[in-house]
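# Results of the structural survey
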Amino acid sequence: MTTLVTEQHARPVPNPKKSLITKLNMGTGVILGALFAAITYYLIRHSLQTITDGAVDPLNPNQNDQLLIATMMAWSIGFLIGIGAFIGPFRWLIGRDLTAEEQLYLAGDGQGIKRYFKYCTDHKVVGIQYLVGVMTMLGVGGTMAMMIRTNLASPGSKFITPVVYNSLVGLHGITMIVAMIIVATGPFGNYIMPIMIGARDMAFPRLNALSWWVLFTAIPVLCSAWFLGGIPTGWTAYAPLSVQAGAGMDAFLMTIIIFAISTAVAGANITATVVTMRAKGMKWNRVPIFVIGSTISVALAIPAFPTFMLSMIMTGMDRSFNTTFFDAHMGGSGWLYAHLFWIMGHPEVYVILLPGVAALMEIAPVFVRKPLFSFNAAVLGFAGIAGLSVLVWAHHMYISGWANNLNGPFMITTEMISIPTGLIFLVLIGTLWRGKPWMKLPMLSVFAFIWNFLIGGITGIYLSDVPADNYLHGSMFVTAHFHFTLMGAALTGAIGGLAFWYPKMTGRMLNERAGYISFWFVQIGFNVLFFGMFVAGAEGQPRRVADYAHQFATSNLISTAGAYSVGIGMIVLLWAVIHSWRHGKIAPMNPWGSKTLEWTVPYPVPLENFDELPVITSDPYGYGKGK
Amino acid sequence: MSDHNLAPTPGDRATTFFKRNDVRRTSVIFILWTATFTILGIWLYPKFMPRIMSKEMLSAENIMIWFTIISAPIAGIVLALATNAFLNMHRGDTPPEEGPAVRTNGPVVVIWTVASTIFALVAIVWGIVELNVQSVEAAATSKSAMIVEVTGSQWLWTFNYPEQGIETHQLNLPINRPVEFDIRSVDVNHSFWPVQLGVKVDANAMVTTVVRTTPNKLGEIDVKCAELCGILHAYMETTGAVMTEADFDSWVSQVQQSGASA
């Protein structure tokens, strides 16, 4: 055993000197991406004659949209070529593959911090890339939320104009949705999960790197929306408003298209890894629940996101080539868009929720020192939610008028989701029962989740009932409801997961005091914020409004106060994460005494994780006395 | 329990179960949480929701109140167990002692699943019955209903009363007379929301959507747009009133005259 370890550490850094891949990194990607974008921009601009005149060509009035979409596409492709994403596939075309030495080089072992800026196939590097990316996105989206709440602090506020306000609402929405979809499966699904199931890496390490770097190319595109007039439609981007909107919309739809490719790649990869690469003896009933929850979540994303991509391609065609998919005046239908959007949109909220819940189910047994209560109920709960979630999309369209006779059936499927959701609560409270929870940061998130998700669930029951939705639809009540589920439940779960796995991912303990301060600021502020918003919605304030009548002033002021508290808490958390990364207490191998496999490997986790692959003889929940 | 070699009878087990300290404490917390949620439901919505001026609004508010009350015991159980666990917390840097190795409890899982199914069924049946009542009523009154053609445009509501031959931007309605709103948009999607009447439907281009109600209280109405429709979405609102038949008629003739003079 010892010799094996020394051998591994003595392994020289591979240096395939002549190979192109050693010279490529994020910098070359950005350069080539920018170059591609510039060339495409000038070629198209010069081939479209009238665009320089500022006049509109009656035969081709949407030249600007064509130009922008092509430029953004070119950036994305150029970047991926520049970072070396296509070297492997190109080699296959000419009947070869990367040499063993090159593959080892791509895994990034021994390359220090540089590997985080390269096309690196090590799942742990990809996990950290996702973590930093997600935290950046949450920070940006959160800042936008603060600006929105500041403007809504009092009626008649002139903090920002309605134009800027609408852009912010759309940008906040899409930034947060993208961040929340990957918040748990990105960092923990990539870093922790392969170790958890006893695998040496993901099933497709190069696809893993691709999923991150494809997503990365979406970030500048999304940022450009701000400079192209914003996203004035909200993240739902309903047609025909989206067809009417300015050039920022092109950036929005390219973001979604790129993002959908990234999630498809990541989803296929994670699913394949879990199905085929579990350690010997890890039968399905011995798989940790986080792995099950995340896998169901990404498997649900695989059919969901392509419809979003499709709806965006169609919007892009309406915008740039005068097709009329969504233009009712020309035989199209706005309802078609709404359907395509929500067929993605409702599974998507569970794609966000499930990994967060699953992380908490992983945490609870460790800190209560009891087995997970009814593993089967947990799996059934996840599977039931995933199954039903593809049949409920039109509850977002009760009042759209598209088919009133179908409101009843959609109400039935929607209400039925409360049954598997009930199982999720049962698993958590059953695990807590008769236990003495160890009140560390991850455990606190379990309690916060139970409260927040309960409120989100009960208010969801009103919204699913058509007569109540007739009143509540499109009001602040809805906004408060889905923030309780997505932020109060899913983000709380992800933060719990971060506190739990931080020692394994960074080798250090997260600063506890800062963590507690952050937790209470965030959770109390969050409840004040969205309780105020529930009241504003019940009073009759529509959502996505830049201004409101005086009767809603008190509830909005309370909301804004709560929002600042959340903001302070999140800044403290951010500080704690950054500070502890360098100066935190060195973490022991298994600080929480957990029984899952990721705690059996040292930090830094060696390349390919295990010296010897483990063999599994029981599930990881064998806590407790009197077995 | 005189002979501890005998297995306890089911009755005994239940008695000892409820005599356990943790069970007693959890039961007390359960009652407190259930009461809190019940009171919250009864107090919150009637206090903050606008005036009820139609059956549809009444039905919406009732659902919100009653569903809170019905879900109060379930919320009570969940929160009681969570609170009890929270109060049992273990602090410090060493892990707590091992808890009992309970892996599952068949009867509990079954009872819980059945209970939540019944709960879901109550919500479903309630909703279906309400929906049915509303559509039967709408069908019954469709012949006698007064028609108001509502047009949404960026960022203005226009109301056309074909029967009276008037067009305004103010939604006035006579009391106790069924009204049918025929809603269209001339540009992007809007959503017609006369707040106190408790109905709402989207305005779409090239399609007419219909919603019916009967205002049954006198008073002011706020009309808002509930679908993001561009820059001035927040300001796409107007007011109106439910008035007596006589007031409505005089308002109509007033509008007719000013229209004729203009």
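Residues numbered from 1 in each chain as written. Chains lettered and ligands numbered in written order. Predicted model: local features only at pLDDT ≥ 70, side-chain atom pairs only at ≥ 80, totals over all residues.

What follows covers the nonpolar core. If you look at the biggest cluster of nonpolar residues, it comprises 273 residues, and the most contacted ones within it are A:Trp213, A:Met361, A:Val427, A:Leu428, A:Ile450 and B:Val78. Element by element, the count of residues in this core is highest for helix α14 (residues 334–368) of chain A, at 23 residues. (Core = buried A, V, L, I, M, F, W, Y, C linked by C-beta atoms within 7 Å. Buried ≥ 20, exposed ≤ 12 C-beta atoms within 10 Å, placed from the backbone. Helix = DSSP H or I, 4+ residues; strand = E, 2+ residues; numbered from the N terminus.)

Further remarks concern the pairing of strand β9 (residues 219–225) of chain B. Residue and element names in this part refer to chain B. Both strand β6 (residues 190–194) and β9 contribute to a ladder of 3 bridges, which runs antiparallel. Within β9, the residue paired with tryptophan 193 across the bridge is lysine 224. Across 5 bridges, β9 lies against strand β10 (residues 238–243) in antiparallel orientation. For glycine 219, the partnering residue across the bridge sits in β10 and is valine 242. (Pairing = 2+ DSSP bridges.)

So, on to the interface of chain A and chain B. Put simply, an interface is often sized by how much accessible area is lost when its parts join up. The interface of chain A with chain B comprises 75 residues on the first partner and 77 residues on the second. Counting residues per element, the ones that place at least two in the side of chain A that touches chain B are α7 (162–182), α11 (241–244), α14, α16 (407–416), α17 (418–432), α18 (441–464), α19 (466–472) and α21 (512–539) of chain A. In terms of residue count, α17(A) provides more of the side of chain A that touches chain B than any other element does, 8 residues in total. When the residues that make up the side of chain A that touches chain B are grouped by side-chain class, the tally is 42 nonpolar, 22 polar and 11 charged. (Contact = placed C-beta atoms within 7 Å. Nonpolar A, V, L, I, M, F, W, Y, C, P; charged D, E, K, R; others polar.)

A word on the environment of A:Asn269. Residues and elements named next belong to chain A. Tracing the backbone shows asparagine 269 in helix α12 (residues 248–276). Each C-alpha atom of the pair asparagine 269 and asparagine 190 lies 9.9 Å from the other, and the pair is 79 residues apart in sequence. Among residues more than four places away in sequence, those in contact with asparagine 269 are Met202, Ala203, Phe204, Leu207, Asn208 and Ser211.

Residue and element names in this part refer to chain A. As assigned here, chain A comprises domain 1 (21–119) and domain 2 (120–600). Mapped by element, the contributors of at least two residues to the side of domain 1 that touches domain 2 are α3 (63–83) and α5 (100–107). When residues in the side of domain 1 that touches domain 2 are grouped by element, the largest group, 12 residues, is from α3. Of the residues that constitute the side of domain 1 that touches domain 2, the class distribution is 13 nonpolar, 6 polar and 3 charged. (Domains from an automatic or database assignment.)

A few words on the sheet that holds strand β7 (residues 201–203) of chain B. Residue and element names in this part refer to chain B. The strand order across the open sheet built from 5 strands is β4-β10-β9-β6-β7, with neighbouring strands paired in mixed fashion. Two strands bound the open sheet, and with one partner strand each, they are β4 (171–174) and β7. Sheet twist, expressed as the mean angle between neighbouring strand axes with direction ignored, is 25°. (Axes fitted to C-alpha atoms, helices over the stretch in contact; angles between N-to-C directions.)

Moving on, we come to the domain arrangement of chain B. All names here are of chain B. Assigned domains of chain B: these are domain 1 (10–89 + 107–140) and domain 2 (146–261). Between domain 1 and domain 2, the C-alpha centre-to-centre distance is 37 Å. Contact with domain 1, which involves 9 residues of that partner, is made by 14 residues of domain 2. When residues in the side of domain 1 that touches domain 2 are grouped by element, the largest group, 4 residues, is from helix α3 (residues 55–87). Across the side of domain 1 that touches domain 2, the residue classes break down as 5 nonpolar, 1 polar and 3 charged.

Next up on the list: the sheet that holds strand β3 (residues 166–168) of chain B. Hydrogen bonding along the main chain pairs the strands of a sheet, whether they run parallel or antiparallel. All names here are of chain B. One open sheet accounts for 5 strands, arranged β3-β2-β1-β5-β8; its pairing is mixed. Strands at the two margins of the open sheet, each flanked by one partner only, are β3 and β8 (209–213). Each strand axis lies, on average, 25° off the axis of its neighbour in the sheet, ignoring direction. Pairing analysis gives 5 bridges linking strand β1 (residues 146–153) to strand β2 (residues 156–161), with the strands arranged antiparallel. Bridge assignment links threonine 151 to a residue of β2, and that residue is threonine 158.

Across chain A, pLDDT averages 91, with 95% of residues at or above 70. Low pLDDT, under 50, characterises residues 1–10 of chain A; the predicted model gives this stretch 4 contacts beyond four residues in sequence or across chains. (pLDDT = per-residue confidence, 0-100.)

With that settled, consider the packing of α14(A) against helix α20 (residues 476–506) of chain A. Two measures define how a pair of helices packs: the angle their axes make with one another and the distance between the axes. Residue and element names in this part refer to chain A. Look at α14 against α20: their axes get within 8 Å of each other, and the N-to-C directions meet at 45°. Considered as vectors, α14 and α20 are oriented oblique to each other. In the packing of α14 onto α20, the handedness of the crossing is left-handed. On the side of α14, the interface is formed by Val349, Ile352, Leu353, Gly356, Val357, Ala359, Leu360 and Ile363, while α20 contributes Thr485, Leu486, Ala489, Ala490, Leu491, Gly493, Ala494, Gly496, Gly497 and Phe500. Its residues assigned to classes, the contact of α14 with α20 comprises 13 nonpolar, 5 polar and no charged. (Parallel < 35°, antiparallel > 145°, perpendicular 65-115°, else oblique. Left-handed = near helix turned anticlockwise from the far one by under 90°.)

With that settled, the discussion passes to the environment of A:Ser475. All names here are of chain A. Topologically, serine 475 is positioned in the loop between α19 and α20. Given 28 C-beta atoms within a 10 Å radius, serine 475 is considered buried. When the C-alpha positions of serine 475 and arginine 91 are compared, they lie 55 Å apart, and in sequence the two are 384 residues distant.

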